[in-house]
Amino acid sequence: MLIDEEILKKTTLCKKNFICLEESNYLEKDNCINNLRSILFNYPIVDCNDTSCPYFSSIGTSVICQCPTRQEIYKKYYI
């Protein structure tokens, strides 16, 4: 996936070496996005169990990914 270099530079807390840029990761259930709620919150809402991720944030029973790169992937590719 092609993500603007400026967005990548904003993702300063990534501990996984931008693994989200590998398209194969979106075939797994753990990376599904609930599109309706994502639109309402303006953040990708992902199924994520990695509470150690600095971009992990929970609101109620939903997990919101605040990663700039992950948000851009959602905006450009709807995944």
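This write-up is about the structure you can find in this document. (Residues numbered from 1 in each chain as written. Predicted model: local features only at pLDDT ≥ 70, side-chain atom pairs only at ≥ 80, totals over all residues. Heavy atoms only, no water.)

Within soluble globular proteins, side chains that are nonpolar tend to cluster in buried spots. Ile3, Ile7, Leu8, Cys20 and Ile73 form the largest nonpolar core, which has five residues in total. Apart from residues lying up to four places away in sequence, Leu8 is in contact with Ile3, Phe18, Leu21 and Thr69. (Core = buried A, V, L, I, M, F, W, Y, C linked by side-chain atoms within 4.5 Å. Buried < 20%, exposed > 50% of the residue type's maximum accessible area, 1.4 Å probe, protein only. Contact = heavy atoms within 4.5 Å.)

Here we come to the pairing of strand 2 (residues 62-65). Neither face of strand 2 is exposed, since Ser62 and Ile64 on one face and Val63 and Cys65 on the opposite face are all buried. Two elements, strand 1 (residues 56-59) and strand 2, share four bridges in a ladder whose sense is antiparallel. By the bridge assignment for strand 2, Phe56 is matched with Cys65. Here strand 1 folds back onto strand 2, and the loop between the two strands holds two residues, one of which, Gly60, carries a positive phi near 60°. (Helix = DSSP H or I, 4+ residues; strand = E, 2+ residues; numbered from the N terminus. Pairing = 2+ DSSP bridges.)

Turning next to helix 3 (residues 68-77). Turning to helix 3, its buried residues are Thr69, Arg70, Gln71, Glu72, Ile73 and Tyr74. Two residues or fewer after helix 3 comes Tyr78, characterised by a positive phi angle close to 55°.

A separate point is the environment of Thr11. Tracing the backbone shows Thr11 in the loop between helix 1 (5-10) and helix 2 (35-41). The buried category is assigned to Thr11, whose relative accessible area is 5%. Beyond its immediate chain neighbours, meaning those up to four positions away, Thr11 contacts Phe18, Tyr55, Cys67, Pro68 and Thr69.

What follows concerns the pattern of salt bridges. One pass over the structure, following the stated rule, counts one salt bridge. The salt bridge partner of Glu6 is Lys9, with a shortest N-O separation of 3.9 Å. Note that Glu6 and Lys9 are positioned in helix 1 at a spacing of three residues, about one turn of the helix. (Salt bridge = Lys/Arg side-chain N within 4 Å of Asp/Glu carboxyl O.)

Let's shift gears to the state of the cysteines. Two cysteines whose sulfur atoms are joined by a covalent bond form what is called a disulfide. For the coordinates displayed, the defined rule picks out zero disulfides. Of the cysteine sulfurs around Cys67, a residue in no disulfide, the closest is that of Cys65, at 5.0 Å. (Disulfide = S-S within 2.5 Å.)

Functional significance is not addressed by these values, which are geometric in nature.
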